[in-house]
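Coordinate analysis (summary)
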Amino acid sequence: MANITFITTDGTSTTVSGNSGSVMELARDHSIEGILGNCGGVCSCATCHVHVAPEDVRKTGEASEIERDMLELDDNADEYSRLCCQIVVSDAIDGVVLRVAE
Amino acid sequence: MAESPEEHVCLIVGASHAGVGCAFELRRQGWTGGIVLIDRDPQLPYHRPPLSKTYLTSEEGSYHNPLRAVDNYEREGIELRLGVSVASIDRDRSLIVLDNGEELAYDKLVLATGARPLIPPFPGLESARHVFSLRTAADVAGIRAALSEDHGKRVVVIGGGYIGLETAASLRKLGAEVTVLEREERVLARVTTPGMSAFFEQLHADHGVKILTGKTVSGFQTNATHTIVRCADGDELVADVIVIGVGIRVNVELAQRAGLEVSNGICVNGSARTSDENIYAIGDCTYHHNPRYDRFVRLESVQNAVDQGKVAAAALVGKVAIYDAIPWFWSDQYDVKLQIVGLSEGHDRAVVRKEVGEAPKFSIWYFAGDTLLAVDAVNNAKAYVIGTKFIQSGALIDRDKLADPTVPLRPANLVR
Ligand SMILES: Cc1cc2nc3c(=O)[nH]c(=O)nc-3n(C[C@H](O)[C@H](O)[C@H](O)COP(=O)(O)OP(=O)(O)OC[C@H]3O[C@@H](n4cnc5c(N)ncnc54)[C@H](O)[C@@H]3O)c2cc1C
């Protein structure tokens, strides 16, 4: 079980828990504003962009090559950016804080 | 017509990528009135692209990849009417009639009716068993059930378009013996260039899928255990399961019977409005002008459904919105990801760029004169992204450098 905190662009913080699937699916199931996942979670649309809190990057790991490339589509991307359809929900990411990108 | 905006009702026919996206965007844009989404499919609206990809091969028994969580509709005050069909539109009275006879009044109406599979009237079709098309979750459930039954796993896929090929790849992963019958001389003939078709034909051959091109199916003959698929050239294939993926028919009938302008789809202007100022149309069902490519198109993609839905939502709340997005698309087969940006039709030159290395990683860049029209990228998101930016900016590209894999794929290296 992992607790994950999303901070949406209006500053609202929401903590939800899950134990499987992707972070994008978790966000969708809890109606987190700004996470769309238009391609259904296959790293093709870049509409599930989050910034991982710097101290949590060791838990989430870094973006893969294709993910980094796709993030280039978004001018707001930085070194903490991830497409959260590519982050698997598991105990390993318990406690992470993700800021939904503009 | 209602007096205050709170009493206005927007009815949306079709609750899939276009309709659902439009409903939520309407709220975001400040529509305060009612929003009702109607769909004949009884399932909570779901993603379609995975149907032919991960869903076919997934372990889960029933399909669960909803576009939005059910609570989200409630929270946004979007009413879902699932499992009901819209039978007709009465424009004079501003209402729609459901198949159960119920009438629903609208102030604004959005048609997001998409498309349905084209099923040619093959002789013998009625008596053939285990024949499927692939558009809905129910279709996939049927294919999965047929394959898990204790008979053979010989699958004939009719049609070598994206859906046919993705289905072939997925069923192959499940251990089926798959043959694809394509009428044209190459697969993907309608949607891509010969080089890309050849790549995918080889990819499927490498995975043990038999692709037969130039094959026109002339009919089926079904006996106690299986069906014979007959081709016009006399060839015969034995099939336990048949998947028909030969294209779609656009759901224009509602619009047509209501007297809206229809040609290769429901005709809409740049704001997604039909020939009736209170009726909009979005997604697969529309025929619209793309200003960037200056031509009329009908697109079948998630991008088009979502982006055109957003434009309609903005227009519905009275904002000025013009649909001018650059089209994009993807297809996943085996471990190959194809990403396409732009429209390649009308190109006079194609530059192929092959990256150095073992795995297939390449891109095809389509130009008309100096203008970059489109990029097909295989396992190469970088090319896809750079292509997108170049098409957006209209940058002039040095084609010799582009074709040279020793020149790193970076915008600064490629502009003239
Ligand atoms: C198997 C498959 C794989 C795909 N893969 C990709 C891909 O990889 N990438 C990509 O970009 N696109 C892909 N697509 C295309 C993409 O799914 C479509 O472009 C998209 O679904 C279009 O959305 P839409 O809302 O316009 O129409 P649709 O998804 O067709 O939805 C229309 C809805 O309207 C409903 N409807 C129609 N008429 C009525 C009526 N009279 N009353 C009530 N309801 C009605 C239908 O039930 C349907 O749910 C794929 C499609 C399929 C089928």
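See the structure above.
Our subject in this report is the structure included herewith. (Residues numbered from 1 in each chain as written. Chains lettered and ligands numbered in written order. Predicted model: local features only at pLDDT ≥ 70, side-chain atom pairs only at ≥ 80, totals over all residues. Heavy atoms only, no water.)

Regarding the packing of aromatic side chains
Residues and elements named next belong to chain B.
- One pass over the full model with this rule turns up 7 aromatic pairs over all chains.
- An angle of 65° between the planes, with centres 5.2 Å apart, marks the rings of Phe-24 and Tyr-73 as edge-to-face. Of this pair, Phe-24 sits in helix H1 (residues 17-28) while Tyr-73 sits in helix H3 (residues 70-75), and the two are 49 residues apart along the sequence. Assigned by exposure class, Phe-24 and Tyr-73 land together as buried.
- Pairing Phe-199 with Phe-362 gives two aromatic rings, centres 5.0 Å apart and planes at 75°, and the pair type is edge-to-face. Taken together, the residues Phe-199 in helix H6 (residues 194-206) and Phe-362 in strand S25 (residues 362-368) connect sequence positions 163 residues apart. We note that Phe-199, like Phe-362, is buried.
- Positioned over the ring face of Phe-362 is Lys-354, at 5.9 Å from the centre of the ring.
- The cationic tip of Arg-399 hangs over the ring face of Phe-367; the distance from NZ or CZ to the ring centre is 4.8 Å. (Phe/Tyr/Trp six-rings, centres within 6.5 Å; stacked < 30°, edge-to-face > 60°. Helix = DSSP H or I, 4+ residues; strand = E, 2+ residues; numbered from the N terminus. Buried < 20%, exposed > 50% of the residue type's maximum accessible area, 1.4 Å probe, protein only. Lys NZ or Arg CZ within 6 Å of the ring centre and 35° of its normal.)

Notes on the interface of chain A and chain B
- In this assembly, 20 residues from chain A lie in contact with 25 residues from chain B.
- In this assembly, chain A packs against chain B so that about 1,900 Å² is buried in total across both faces, 51% of it on carbon and sulfur atoms.
- Area buried by chain A at its contact with chain B is led by Arg-28, Ser-31 and Asn-38 of chain A, which between them contribute 28% of it.
- Where chain A meets chain B, there are 2 salt bridges.
- Notably, a salt bridge pairs Lys-361 of chain B with Glu-65 of chain A, separated by 2.9 Å at the nearest N-O pair. (Contact = heavy atoms within 4.5 Å. Buried area = accessible area lost by both parts, 1.4 Å probe. Salt bridge = Lys/Arg side-chain N within 4 Å of Asp/Glu carboxyl O.)

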